[in-house]
Each structure stands twice: as C-alpha cells, then as structure tokens.
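# Structure assessment
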Amino acid sequence: MGIAMKNLPRVLCPIFMFLLLAAAPLSAFAHAEFQGSTPPANALLDDLPTEVILRFSEPVGALATDWLLPDGTRRDATATAGPDGLSLSAPPASGRGTYVLNWRVVSADGHPIGGALVFSLGEATGMAPPDTPSSAVPAIIARFLAIMSMILALGATLYAAVVAPLSPGAARRGQGAALAAMPLALIALGAYGLDLLGRGSRDLLSLSPWLAAVTTPRGWGLLLGGIAALVAGCHWRNRTPVAFLALALGAVSLAVSGHASSGGARWIGQPLMAFHATALIFWIGGLPPLLAGLSRPDGLTALRRFSHVALPAVIVLVASGIGLVLIRGAGPSALIASDWGKLLALKLVLVACMLGLALWNKTRLTPAMAMSPDTAQIRLRRSIGAEIMLGALVLLVAMCFRLTPPPGSETASGPIYLHLHGSEIMADLEVSAAPPAAVSLSLTFADTDFGPLRPKEVSLTFNDPENGIGPIRTSAHLLADGMWQAGPVTLPTAGPWDIRIGVLITDFKQATLNGTLTPPNGDHP
Amino acid sequence: MKTTLTTLTALALSTSAAFAHSSFETPQAQQGSTYLGKIGIGHGCAGEPTLKVRVQIPEGVIAVKPVPKAGWTLEVVTGAYEQSYDYYGTQLTEGVKELIWTGELPDAYFDQFAFRGKLTDRLAAGTTVYFPVVQECANGAERWIEIPAEGQDPHDLEDPAPGIKITEPGHGGH
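Residues numbered from 1 in each chain as written. Chains lettered and ligands numbered in written order. Predicted model: local features only at pLDDT ≥ 70, side-chain atom pairs only at ≥ 80, totals over all residues. Heavy atoms only, no water.

## Concerning the pairing of strand β4 (residues 61-68) of chain A
All names here are of chain A. For β4, a buried count of 6 out of 8 residues is recorded, marking the element as mostly surrounded by other parts of the structure. Pairing of β4 with strand β8 (residues 97-106) involves 7 bridges; the strand directions are antiparallel. Looking at β8, one finds that A64 is bridged to R104. Summarising the sheet, β4 and strand β5 (residues 74-76) pair through 3 bridges and their orientation is antiparallel. If you follow D66 over to β5, its bridge partner there is D76. Between β4 and β5, which pair antiparallel one after the other, the connecting turn spans 5 residues, and G72 there sits at a positive phi close to 90°. (Buried < 20%, exposed > 50% of the residue type's maximum accessible area, 1.4 Å probe, protein only. Helix = DSSP H or I, 4+ residues; strand = E, 2+ residues; numbered from the N terminus. Pairing = 2+ DSSP bridges.)

## What about the nonpolar core?
Residue and element names in this part refer to chain A. Ranked by internal contacts, the top residues of the largest apolar core, which has 71 residues, are I151, Y159, F306, I384 and L395. For this core, the secondary-structure elements that each account for two or more residues are α2 (136-162), α3 (168-197), α5 (217-234), α6 (239-256), α7 (266-293), α8 (299-326), α10 (339-371) and α11 (373-399). The residues touching Y159, leaving out its near neighbours within four places in the chain, are A164, P165, L166, G286, P289, L290, A302 and F306. (Core = buried A, V, L, I, M, F, W, Y, C linked by side-chain atoms within 4.5 Å. Contact = heavy atoms within 4.5 Å.)

## Topic: the sheet that holds strand β11 (residues 140-144) of chain B
Residues and elements named next belong to chain B. If you walk across this open sheet you meet the 5 strands as β6-β7-β4-β10-β11, and the pairing is antiparallel. Each end of this open sheet is capped by a strand with a single partner; those strands are β6 (73-87) and β11. When strand polarity is set aside, the average angle formed by the axes of neighbouring strands in this sheet is 20°. Where β6 meets strand β7 (residues 90-105), 11 bridges bridge the pair, whose relative direction is antiparallel. For V76, the partnering residue across the bridge sits in β7 and is L99. (Axes fitted to C-alpha atoms, helices over the stretch in contact; angles between N-to-C directions.)

## Some words on the environment of A:M354
Residue and element names in this part refer to chain A. Residue position: M354 is located in helix α10. Classification of M354 as buried rests on a relative accessible area of 2%. Remark: the alpha-carbon pair of M354 and I384, spanning 30 residues in sequence, is separated by 9.3 Å. Those residues in contact with M354 that sit more than four places away from it in its chain are W283, I284, E387, L390, G391 and V394.

## With respect to the sheet that holds strand β6 (residues 79-82) of chain A
All names here are of chain A. Pairing in this open sheet of 4 strands is antiparallel, and the strands run β1-β3-β7-β6 from one edge to the other. Of all strands in the sheet, those with a lone pairing partner are β1 (34-38) and β6, marking the two edges. Neighbour-to-neighbour, the strand axes of this sheet turn through a mean angle of 25°, independent of strand direction. Bridge analysis of strand β3 (residues 51-56) against strand β7 (residues 85-89) gives 4 bridges, and the strand direction is antiparallel.

Right, dumping it as structure tokens:
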C-alpha cells in the first residue's frame, strides 16, 4: 500500500501530461478531409472487395467502424491505419444487396468526422428491416416481466389506497413486486439494447447496448417504470397521494414507449396511451389483492368497491384503446391484411373474454356471494384467477406488437416532394423514391420572393441519426433547364433522413437548407 | 482496444499539426487599429495544388493594401462601401473589396497571404469579423466561407471563414 502510494505521482504525472497534450489541440483548427474510397461510393460490384480503403488528407485514428449488411444486421469492422489511409476488413459475405460501412475517425485536432460508404453487390437493395432477430424474444419477455411487476406493485398500492386494506399476503406480494421491478427493468433495458443493435448477449458487458437503449424513449420509459414501482413500494403510511404519484409515473412510462410514441399523431397518441395505461394498471394490478382479500370479513364490501371503480376504468380502457387504433388512420382492410391487425384481433378476443368474466362477476357472482358466501366464493376465485391470467396474456400480446410495424408506417414507393425554406433562399426537392432505395433528386431554387436563383454549386448531405448512419455526401449538377440533379445515391434505411443542402450563392456566400425525409405513411398529423 | 489506442496516439501527437483550415496568424486585434492580417493556407484541394487565393474584405475594414508575393500576381477588386468612413479626415466611400493572388502552392506546402487594413470602430468590440476565403485549384475549390450563426460554435462548421476577434480599443496608442 505504502509503495503504491509513493508511486502514485510517478503514475499520475504522465497521465496528466498526456491528458494535457490530448486536450490542447482541441482548440486548434485542423480537420482531416475525406478524399475518397476504394470501392467508390455507390459502386455496384460483382464481387465483394477483400478490403476497403478510406483515404484522408492527413493521418486519422479510427473511433468506430461497423458494417451494416443487406440482411439488416450490424458487424464491427476492424480498421488498420495504412500508408494510403484507413484499411478496413472486408464485410462478412451476406449475399447480394447493399452494404454500408459506417465510419467515424478522429484527426489530429481531436475533431471527429464521420461518414458512410455505401456500395452494393449485384443490386442495390437497401437494408432489409431486420426481421425478428433472435434478440427480439428475450427483449419482449424481459419487458413483459418488468412491466408486469410494475403493474402488480402499483396495483397493490392503488388497491390499498382506493378499495380496501391489503391482506398480509397481498401486501407482501406487492412489496416483492415493487422490489423486483427495478432489477427487471434493468434486465429489460439490457435486452432491449441488444435487440436494438442486433447483438448477442456477450455484448452486455460493453457500453453500447446500454447507451443505445437508454437514449430511446422506450429505454428510459422502462427505468421510469422501475422508479414508479419503487415509489409505490416505499411509503405505505401516507399512501393515497403516493399511490397516485406512482400511478402517474407508471402511466407515463408506458405512454412514452410503444408505437404510440412514434408517428405524426404522437401528441394525441401519448395522452391516449397514458389513459389506457392508467386504466389497465388499476384493473389488472388490482385483481390479485382482490383475490387475496375475498375470504376476509370485508371481502364482499371490497368486491363491491372494486367493481365500482373498475367500471369507469374499463370504459376508459376500451375508449382509449379504440382511439389508439383510430389514430393509425388505417382502414379495416389494411388492418385485416396486416400482422399488426391480426395481433390486435387476438388481443381484442382476450380482452372480450376478460370483460365477459368481469361482467359475470359483477352481475351473477357478487350477488350470489351475498346470498351464499361459501359456494360463490370458490367460483369467484376461479373467475378472478382466470381474469388475471387473461390480463397477463393480453399484456404479453401487447408486447408482441414490437414484432410488427403498425399499418400506415409501411413505406410507399413513388416520389416524395419537399419544400425547404431558409432565411435567404428556398428549394423544391423531388426525391425519386422512398428510402431504403437508390434515390435521385431534382432540385429547383428560388429566393424568398420567389425570384429565380442560380446557385454556383449545390451539395447534399444525408444523415440517419436514428440508425446512426451517415453523413452521406453527394453533389448536384446543373441541367440545361435550370434544374439541379443529384444521385443516384443509396440511402440504405427507411430513415427518417435529415437532408442538408449547401447552396453556394456567390463565391463567398453559402446558404444552408435543412429538411427531413420521412417515410410516407398513413399517420395523419 | 486497438482503435482506442490509435485514437489516443493520434490525439497525443497532434499538437504540432494545426492550421489545416485557413486561419489568421493573429486572430484578434484592437478596435480602431491598423491590422496586419496573415492568412495561412495549409493544404490544397484534395491533394491538388492551390492556384488562386481570394480573400473577401468585409464591411468595416478599410484602406486595405495587400502584401505582394514573389511568384504570384496580385489583383485588387474595388467597390463601394455600404457606409462612408472617416480616414484621417478624408471620407472614404469606396475601396478594396477583394484580394486575389494567382500562382501555385503545392498541397504539401504551407504559405501565408498578407494584407494591411484598418479595423474601423464600426466593428463592435467583442464581435468577430470574418474574411471569407476561397482557394481555387485545377480540380475545384476549397471555400472557407462559413460564418457561424448567432450562438453557433465555430468549431461545428466544416469550412469556417477565418475571423478576427475585435477587442476594446487600447489607450497606449497615439
């Protein structure tokens, strides 16, 4: 220990010097410039290259390089600095289609620059959306367990606050669920990260799946759910406000994840989902404490009080559920044709069974329990038990929506038109097809008074921040009719793609236009 | 791990390799002072030699005189100022708007292109005045013409125009 302490300065000083050296050039100016690649961008090849070279104006170090393969999976690429630039290992052969090398390098000044090299083998296909990778199933199960545990914890607290005191068993199970929710949420977070990146479980030890997961709404929604359960499990003394705080957190945690959080109808979809979640937490979460409390002397009173609150909850659940389907804007035929619609149908059948049981409980078994408690109690127990099982199944089906995009978010082909407006100029843009595809672009420019504008040069930059691809750069050339033409440039994913257009107006003046190329879909804003 | 090491090495070895962007040797000057601007050109266009260096003189910088360079022809573009300026009792309404050096600078070499000019008091202290620079080569051009928008970090620009930060006028001068 003493020796280690004495040696500390000797160890720390070089580290400190090193950090100083490393930090100093951050303020200087010197970005390396990308000068081209072998194979060139957008090349159509007959054979996969044995190595890929990226050329830069000065030596660079590789920060991150990975391959996106035609089947939608990602693989790390090994980079070695060579005399001609950065040499990268060949992509793993995975058939015909579009390959993307995503690179990020750092030049002398510590300024990272990045880009994406796109080329195709045989034909340009774009990335297939990864179809149900093996990582999806663990992610679904882990998320189901985390959410179920949160619902049970919240349900018990709510039951105690609104319906009746918990039986000792129910209280213990509620506490257990509250304690389990956070660890389960963390497991679900890791599994979701692996699913996002399409990686195997050994990558859990690295940072990237966690980062990928926690930066998405669904990722921090999971953590929020864990926090909601902890809040529910903590304070049992003054429980009513705490129960409602936990309920609100839990509802938000479900509302920010899922398909309701994407698409143009997000501002209606998320509040609807929050209502949906509130009702389902109360209903499904309240059933186990109800079941446990049946044999207590106040069992019948509790049953009546529960059914009193459950009725409006079910109405909210059904109404918000219908709303969530309607904002998808998909017609019945599109619904029936899609896998999403089939899953929805399964979910509806299960919900209908739950409603049937609930109705039977309310209209038959509850009055019967008042008459002859012993026989009715057994049947009521079975019925509520079945309702809980069905509720869990419904939730599991709901998690499986992850596997199928909702109708309306499928991409349509055909040109996309964009109008981009800057402070000095504007542009009309026609994109030949919806990505993923090799797209051509036609551009016309005008000043903000709709007067003609003849730029000297036009360059385009594409970025897919969601999938971490890009920037992909290309330049446009002027046609005889005054229109500018760019491409074909391969945009390998559905996007959304950020487009930045640099327009050189005079030799010394450049204007920049920004826009987003979103997949056209049935979402009505 | 290997990539991390490469990166760290690149970072640590980097102190000497500044000035790949075109930039001023002295990037700040007092308001009202006469300034000797030296713009460094650190590389050509994607490996090609630079054949022409064009510097735009912004409004508020007057009485500009370029420094000639051996081997380079020099051209001066004049025009009207947007405002008129008092220059030692004379009202100046026009003057140099652009400087053009034509010659050849190989990609592997570094050189400076200089001019002298007065930074008038219309340039507010605390602001930065930008001199857009265009480097022309046989295969195209490098344009150092991006001016950061308000609140934007100049380091975020790919091709920033070289700038001079205007400081408070000094009291020691004449």
